[in-house]
Amino acid sequence: MNSWFRNTRYLVLTGIYIAVLMCVSFLTIFFKASDGFFQLTSGFYLALCALMPGPSLLIVGIIYGTMLDAIAGGLIFIPMTILINMLMFIIIKGLSKYLTVYGTIIFAAALVFIYIPYTGLVYGFSDSVIIKALITDSIQFAVTILVGFIIYKGLSAPNIRKHLFEFNKTSQ
């Protein structure tokens, strides 16, 4: 793990990915659905996890998720967002040996449903809260998969992949 962070280009791209995800988050924070909002960044994050070698996207997921929840006023959701982004990273990296990239994106995107019981804990387990969370998270699941597929397909082109995701760990 340590050798990745000795590569200046790797560090710079890690910072750029945090900035890009935050910019996309700010643009999409206005797509509200009652009390929640739909984020395109989850799909973007999953695509980057699949493409970027090493551990940097684990850090990216923690930082951008924390900042987004704090800015959006969802401080109570920060621990769950951190956990979900960490699990998404682990699933993408861990299952890539067994599933296609698209399969890992679908599997990791399903983690959004963890928010349903957490929302119940925060707001109460009434039928209306759970149904609203189920509908919102189902839409978020579909959006995450769609965006993840599109971004992965676009960024996995050989010329783009070479410049953004291939590293010689010893060169700086």
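All of these numbers come straight from a predicted model, not from anything done at the bench.

Calculation rules
- Residues numbered from 1 in each chain as written.
- Predicted model: local features only at pLDDT ≥ 70, side-chain atom pairs only at ≥ 80, totals over all residues.
- Heavy atoms only, no water.
- Helix = DSSP H or I, 4+ residues; strand = E, 2+ residues; numbered from the N terminus.
- Rg over C-alpha atoms; globule rule 2.2 N^0.38 Å.
- Axes fitted to C-alpha atoms, helices over the stretch in contact; angles between N-to-C directions.
- Parallel < 35°, antiparallel > 145°, perpendicular 65-115°, else oblique.
- Left-handed = near helix turned anticlockwise from the far one by under 90°.
- Contact = heavy atoms within 4.5 Å.
- Polar contact = N/O pair within 3.5 Å; in protein donor to acceptor, adjacent residues only side chain to side chain.
- Buried < 20%, exposed > 50% of the residue type's maximum accessible area, 1.4 Å probe, protein only.
- Phe/Tyr/Trp six-rings, centres within 6.5 Å; stacked < 30°, edge-to-face > 60°.
- Nonpolar A, V, L, I, M, F, W, Y, C, P; charged D, E, K, R; others polar.

Asker: Just to check I follow, could you spell out the overall build of the protein for this structure?
Answerer: A count of helical and extended segments in the protein gives eight helices and two strands. From first element to last, N terminus to C terminus, the protein shows the α and β order α-β-β-α-α-α-α-α-α-α. Taken over C-alpha atoms, the radius of gyration comes to 16 Å for the protein, in line with the 16 Å a tight globule of 172 residues would show. Overall, the protein is about 55 × 30 × 25 Å in size when its C-alpha atoms are taken along their principal axes.

Asker: I would appreciate a short explanation of the packing of helix 1 (residues 8-28) against helix 2 (residues 41-51) in the present structure.
Answerer: Two measures define how a pair of helices packs: the angle their axes make with one another and the distance between the axes. Interhelical geometry of helix 1 versus helix 2 gives an angle of 160° and a closest axis separation of 9 Å. One way to sum up the angle between helix 1 and helix 2 is to call them roughly antiparallel. Judged by the twist between their axes, the crossing of helix 1 over helix 2 is right-handed. Two secondary-structure elements touch here, helix 1 through Tyr 17, Val 20, Leu 21, Val 24 and Ser 25 and helix 2 through Thr 41, Phe 44, Tyr 45 and Leu 48.

Asker: Hey, could you run me through the side chain of Thr 14 in this one?
Answerer: On the secondary structure map, Thr 14 appears in helix 1. Within the structure, Thr 14 has its side chain in polar contact with the side chain of Ser 56 (distance 3.3 Å). Setting aside residues no more than four positions away along its own chain, Thr 14 makes contact with Met 52, Ser 56 and Val 60.

Asker: Just checking my understanding: could you explain the environment of Asn 85 for this structure?
Answerer: One can find Asn 85 in helix 4 (residues 78-95). According to the relative accessible area criterion, Asn 85 is buried, its value standing at 5%. Placed 26 residues apart in sequence, Asn 85 and Leu 111 show a C-alpha to C-alpha distance of 8.8 Å. Here the side chain of Asn 85 touches Gly 61 through a polar contact of 2.9 Å, landing on its backbone oxygen.

Asker: Could you clarify how one ought to interpret the packing of aromatic side chains in this entry?
Answerer: Here the distance between the centres and the angle between the planes together describe a pair of aromatic rings. Per the counting criterion, the structure on display carries 12 aromatic pairs. On the numbers, 5.1 Å between centres and 80° between planes, the contact of Tyr 10 with Phe 167 is edge-to-face. Taken together, the residues Tyr 10 in helix 1 and Phe 167 in the segment after helix 8 (158-165) connect sequence positions 157 residues apart. Judged by relative accessible area, Tyr 10 falls into the buried class, the value being 0%. Classification of Phe 167 by relative accessible area gives buried; the value is 16%. Ring geometry for Phe 113 against Phe 141: centres 5.3 Å apart, planes inclined by 50°, an arrangement best described as tilted. One end of the pair, Phe 113, is in the loop between helix 5 (101-109) and helix 6 (115-123); the other, Phe 141, is in helix 7 (residues 127-155), with 28 residues separating them in the sequence. Put simply, the rings of Trp 4, Phe 5, Tyr 10 and Phe 167 touch in pairs and so form one group of aromatic residues.

Asker: Sorry, what's going on with the packing of helix 2 against helix 7 here?
Answerer: Look at helix 2 against helix 7: their axes get within 7 Å of each other, and the N-to-C directions meet at 40°. Regarding the angle of helix 2 to helix 7, the classification is oblique. Crossing handedness for the pair helix 2 and helix 7: right-handed. Between helix 2 and helix 7, the residues in contact are Ser 42, Gly 43, Phe 44, Leu 46, Ala 47, Leu 48, Ala 50 and Leu 51 and Gln 140, Thr 144, Val 147, Gly 148, Ile 151, Tyr 152 and Leu 155, respectively. Of the residues belonging to the contact of helix 2 with helix 7, the class tally is 10 nonpolar, five polar and no charged.

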